[in-house]
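Listed below, chain by chain, are the residues.
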Amino acid sequence: MTPPVDPDELGAFLKARRAELDPHAAGLPETLSRRKVPGLRREEVAQLAAISVDYYTRLEQGRVAASASVLATLSSALRLDEDQQRYLYEIAGKADARPRRRRARQALRPAMRRLLDRLTDTPAIVLGKRMDVLAWNAAAVALFIDFGEIPAGRRNYVRLLFTDPTVRALNVKWEHDARDAVAALRMEAAADPDDPELARLVGELAVVDPDFRRWWAEHRVNSATYGTKQYRHRVVGDLTLDCDTWSSPDGSGQRLMVLTAEAGSPSDEALRILASWTADATAEAGTTTTAKDAR
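Residues numbered from 1 in each chain as written. Predicted model: local features only at pLDDT ≥ 70, side-chain atom pairs only at ≥ 80, totals over all residues. Heavy atoms only, no water.

For this particular structure, what's the right way to read the packing of aromatic side chains?
Note on aromatic pairs: each is described by the distance of the centres and the angle between the planes. Scanning the model with the defined rule gives nine aromatic pairs in all. Aromatic pair F212 and W216: ring centres 5.7 Å apart, planes at 15°, arrangement stacked. Pair noted here: F212 and W216 are both in helix α12 (residues 210-217), with a separation of four residues, about one helical turn. Among the aromatic residues, ring-to-ring pairing joins F162, W174, F212, W215 and W216 into one connected group. The lysine or arginine in question, R168, covers the ring of W174, its NZ or CZ lying 3.7 Å from the ring centre. The aromatic ring of W216 is capped on one face by R186, whose charged end is 3.9 Å from the ring centroid. (Phe/Tyr/Trp six-rings, centres within 6.5 Å; stacked < 30°, edge-to-face > 60°. Helix = DSSP H or I, 4+ residues; strand = E, 2+ residues; numbered from the N terminus. Lys NZ or Arg CZ within 6 Å of the ring centre and 35° of its normal.)

Next comes the structure, spelled out in C-alpha cells:
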C-alpha cells in the first residue's frame, strides 16, 4: 500500500538535506560570491538533478508531485543514504517504486545470439532496455572495449559513452553521438517512466556529468534507427561506419546494433584488420560473450 503524500514534510526534508551539503563536495565549481545560507541553493539542486528551478521550487513548496525518476535524480543530487532514500520515497507516495528494487533480468533472445554468432568481421551489439549492453561479438570488442571486463550491472551504452575514457575518445563526434544517446534514453523513459533502474541511471549520470545533466533537461527525443558514426581507433585510425539498429519483434525491447563499412573502403579494410588482430584471442575466449546476469 502506498503511503499518503505529505507535501509539507517532503518540502521540509528537501530543504534540510540541501542545507547540509557542501557545494564543493556536491561537485559544483567554486564561486567568489558569498553564500547567504548554508548548503546548496535551490537552483543548484535543480541543476544537479537536471530539472527546472521552477519545478524544484514548486516541489519544495508542495505544489507539484514528484515522479520516481525525479526522486531518483534528487536522491543522487542530495547524496542521500539508503534510509534517507527510503524515507524520501515514502513521504512522496512512491514507496513501491524505489530505485533500489530491481526488475526481472533481461534474457538474451536465442535469435539474437545466433545473429551474433554469424557476424564475424562486423561489430555488433545487442542492446536491451535502458540501452543496457546484453551481448556482443568479438568485432565489437576489437572496435570498442572488452565488455566482459565491465561488471554486468554497469554495462550500459549511455553510461559507457559518458564515463569510459576509451569509448568517449573513440567517438570523433562525441558531443553529437552523446546527445543522440541521451535523446534515445528519453524515449526509453517515455515508454516506461517508472522504471527504477532507468531512474537510477539518469540520477547517476546527472550528478557525475554536467553535459548529460544539461542535455537531459532539454527533453530532446530521438528514435532514429540508422546513421553514420565516425571513430578514431587507437590501432587502425579513422573509420566511417554505417550504424543500423533492428528491433526485436517480440516486444522485449532488445535491439541489434550493427556497424558496417562500404565494401573496399579504407574503413572496410580497417575492420578486417581488427577482426584478424583479435582472431586468436577470440578463439580462446569464445566467439560471443553474453551478459546472462544483465538486468
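Could you clarify how one ought to interpret the packing of helix α10 (residues 174-191) against helix α11 (residues 196-208) in this entry?
Think of two packed helices as two axes; the pair is described by the angle between the axes and how far apart they sit. In the contact formed by α10 and α11, the axes pass within 10 Å of each other and the chain directions differ by 145°. Two packed elements cross with a definite hand, and for α10 against α11 that hand is left-handed. In contact with L185, E188 and A189 of α10, α11 contributes L198, L201 and V202. When the residues that make up the contact of α10 with α11 are grouped by side-chain class, the tally is five nonpolar, no polar and one charged. (Axes fitted to C-alpha atoms, helices over the stretch in contact; angles between N-to-C directions. Left-handed = near helix turned anticlockwise from the far one by under 90°. Contact = heavy atoms within 4.5 Å. Nonpolar A, V, L, I, M, F, W, Y, C, P; charged D, E, K, R; others polar.)

Would you mind showing me how to read the environment of A49 here?
Looking at where A49 falls in the secondary structure, it is placed in the loop between α2 (42-48) and α3 (53-60). A residue is classified by how much of its surface remains accessible, and A49, at 1% relative accessible area, is buried. Once the C-alpha coordinates of A49 and V70 are considered, the two residues, 21 residues apart in sequence, prove to be 7.5 Å apart. (Buried < 20%, exposed > 50% of the residue type's maximum accessible area, 1.4 Å probe, protein only.)

For this particular structure, what's the right way to read the pattern of salt bridges?
What the rule picks out here adds up to 22 salt bridges. A salt bridge links R272 to D121; the nearest nitrogen and oxygen atoms lie 3.9 Å apart. Placement of R272 in helix α13 (residues 266-277) and of D121 in the loop between α6 (110-118) and β1 (124-127) is noted, with a sequence separation of 151 residues between them. Residues E218 and R179 are paired through a salt bridge, measuring 2.7 Å at the closest nitrogen-oxygen approach. Note that E218 is positioned in the loop between α12 and β3 (226-233) and R179 in helix α10, a separation of 39 residues in sequence. Accessibility expressed as a relative area gives 27% for R179, which makes it partly exposed. Salt bridges here are not isolated pairs; linked through shared partners, they connect R168, D209, D211 and R214. (Salt bridge = Lys/Arg side-chain N within 4 Å of Asp/Glu carboxyl O.)

Sorry, what's going on with the layout of surface pockets here?
Sizing a probe to match a water molecule and rolling it over the atoms shows the empty space that remains. Size it by volume and the largest pocket reaches roughly 770 Å³. Taken together, 34 residues make up the lining of the largest pocket; nearest its centre are M131, A184, N222, A224 and R255. Listed by contribution, the elements that provide at least two residues to the lining of the largest pocket are α10, β3, β4 (237-247) and β5 (255-260). Partitioning the lining of the largest pocket into residue classes produces 12 nonpolar, 13 polar and nine charged. Of the voids in this model, the second largest pocket is the one considered here, and its volume is about 300 Å³. Lining the second largest pocket are 17 residues, and of these S69, V70, R186, W216 and H219 sit closest to its centre. Within the residue set of the lining of the second largest pocket, elements represented by two or more residues are α4 (68-77), α10 and α12. With three residues, α4 is the largest single contributor of residues to the lining of the second largest pocket. Looking at the lining of the second largest pocket residue by residue, the classes come out as 10 nonpolar, five polar and two charged. (1 Å grid on protein atoms, 1.4 Å probe; cavity = no way out; pocket = protein on both sides within 12 Å on 5 of 7 lines; lining within 4 Å. Points joined across faces, edges and corners; volume = space filled by probe spheres on them.)

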